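# Analysis of the macromolecular model
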Amino acid sequence: MSALLLLFVCLILGVLVARFAKPPAGIVPGINWWVLNVALAALVLELIPKLKFDAQLWFPVAAMWLTFGGAWLLFGLLGPRMGWSRQRTGALILVCGLGNTAYMGYPMIQALHGKAGLALAVVADQLGAFPVLASAGIVVASIYSGRTPQPRLMLRRILSFPPFLALLLGIVVGRLGGWPSWLDGVFAPIGATLTPLALFSVGLQFKFHPGQRQFGAASWGLGWKLLAAPLLCWLLGTVAGVGGLVLTVGVLQAAMAPMVSAAILADEYGLEPTLANTVLGAGIVLSLLTVPLGNLLIGGVAP
């Protein structure tokens, strides 16, 4: 309960600071830079060498691709029938196909399932959600904005992302027996800064300005992201014989709120930014309820 309370407190602090205080210019990019390039990389370096790899680890990764692919198929077919513009369709594919598996996912999974669950959340994020964003996400953004995808740029984004490089290094170190004890204790304190700063940053960026013309599209998008996608992933895992914590974390990561970076990408490519931010804000609030509820429904038990 205290871990979940920390999530609410940090998120609300961010909202209050953005609303009533005068935070210095550039605070959000600065926090995000630290979280993504330093705290996240340190967390990966701490957890991945200790992770026991088994045959079921394909599932958290596949769940991220299934969530995005399902969104692309659903909204690609639904958009023309609903009379949506290509920009609206592209925005929904991005923000409702990509989950907030780092900023929201890491803190919530850790609160619900401790370090063991957090290590699996890292796998889902770094081998699933992030490569999807840097590859298929860029392709969708380019197609629906009328631009041409650039494979070289996508590959550069993946190979130059510090947490992804930390993931590869962590796998090698784990195979070699782990970090020496004097170094192992360095990563945890740095990685511990991720949870409060990430949620504080989300709160600082929180926007929710629903318009009457956005309600229908936002409902379809959040219905997929928070309900249908995790249910489909649960069915896939169950049929494939995946169980235990691997199944739980994979499903919960699929159930996370829309990704902040996906909304930024939609804005960058001119894909109805107001709708993207509305879905993002509503999804963050709703996921604080739907993710713990989903955890109970699939039998997840907090440590």
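Residues numbered from 1 in each chain as written. Predicted model: local features only at pLDDT ≥ 70, side-chain atom pairs only at ≥ 80, totals over all residues. Heavy atoms only, no water.

## Points about the layout of surface pockets
Estimates place the volume of the largest pocket at around 630 Å³. Residue lining of the largest pocket: 24 residues in total, with Leu36, Phe130, Leu133, Phe161 and Ser261 positioned closest to the centre. Listed by contribution, the elements that provide at least two residues to the lining of the largest pocket are α2 (27-47), α5 (105-145) and α12 (260-268). By residue class, the composition of the lining of the largest pocket is 13 nonpolar, eight polar and three charged. As a volume, the second largest pocket reaches approximately 300 Å³. Around the second largest pocket, the lining comprises 13 residues; the ones closest to its centre are Leu226, Leu227, Pro230, Gly294 and Leu297. The set of elements that each furnish at least two residues to the lining of the second largest pocket consists of α10 (215-239), α11 (244-254) and α13 (273-297). For the lining of the second largest pocket, the element with the most residues is α10, which contributes five residues. Residue composition of the lining of the second largest pocket, grouped by class: 11 nonpolar, two polar and no charged. (1 Å grid on protein atoms, 1.4 Å probe; cavity = no way out; pocket = protein on both sides within 12 Å on 5 of 7 lines; lining within 4 Å. Points joined across faces, edges and corners; volume = space filled by probe spheres on them. Helix = DSSP H or I, 4+ residues; strand = E, 2+ residues; numbered from the N terminus. Nonpolar A, V, L, I, M, F, W, Y, C, P; charged D, E, K, R; others polar.)

## Concerning the nonpolar core
Ranked by internal contacts, the top residues of the largest apolar core, which has 105 residues, are Phe75, Leu94 and Tyr106. Look past the residues within four positions of Tyr106 in its chain and what remains in contact with it is Leu40, Leu43, Thr101, Leu118, Ala121, Val122, Asp125, Gln126, Leu194 and Gln253. (Core = buried A, V, L, I, M, F, W, Y, C linked by side-chain atoms within 4.5 Å. Buried < 20%, exposed > 50% of the residue type's maximum accessible area, 1.4 Å probe, protein only. Contact = heavy atoms within 4.5 Å.)

## Describing the packing of helix α4 (residues 86-97) against α5
Where α4 contacts α5, the axes come no closer than 9 Å and their chain directions differ by 170°. Judged on the interaxial angle alone, α5 and α4 are roughly antiparallel. In this structure, α4 uses Arg86, Gln87, Thr89, Gly90, Ile93 and Leu94 to contact α5, whose residues at the interface are Gly137, Val140, Ala141, Ile143 and Tyr144. Per-class residue counts for the contact of α4 with α5 are six nonpolar, four polar and one charged. (Axes fitted to C-alpha atoms, helices over the stretch in contact; angles between N-to-C directions. Parallel < 35°, antiparallel > 145°, perpendicular 65-115°, else oblique.)

## Concerning the side chain of Gln126
Looking at the secondary structure, you find Gln126 in helix α5. Looking at Gln126, the relative accessible area reads 1%, which means it is buried. A polar atom in the side chain of Gln126 sits 2.8 Å from the side chain of Asp125. (Polar contact = N/O pair within 3.5 Å; in protein donor to acceptor, adjacent residues only side chain to side chain.)

## Some remarks on the packing of α10 against α11
Where α10 contacts α11, the two axes come as close as 8 Å, and the packing angle between them is 155°. With respect to α11, the element α10 is oriented roughly antiparallel. Every pair of crossing elements has a handedness; the one defined by α10 and α11 is right-handed. Note on element contacts: α11 touches α10 through Leu247, Val251, Gln253 and Ala254, opposite Lys225, Pro230, Cys233, Trp234, Gly237 and Thr238. Across the contact of α10 with α11, the residue classes break down as six nonpolar, three polar and one charged. (Left-handed = near helix turned anticlockwise from the far one by under 90°.)

## Topic: the pattern of salt bridges
Per the stated rule, a full pass over the model turns up two salt bridges. In this structure, Glu46 and Lys115 form a salt bridge, with 3.0 Å as the shortest nitrogen-oxygen distance. One end of the pair, Glu46, is in helix α2; the other, Lys115, is in helix α5, and 69 residues separate them in sequence. Residue classification places Glu46 among the buried residues on the basis of a relative accessible area of 6%. Glu272 is the salt-bridge partner of Arg88, the closest N and O atoms lying 2.7 Å from each other. In this pair, Arg88 is assigned in helix α4 and Glu272 in the loop between α12 and α13, connecting sequence segments 184 residues apart. (Salt bridge = Lys/Arg side-chain N within 4 Å of Asp/Glu carboxyl O.)

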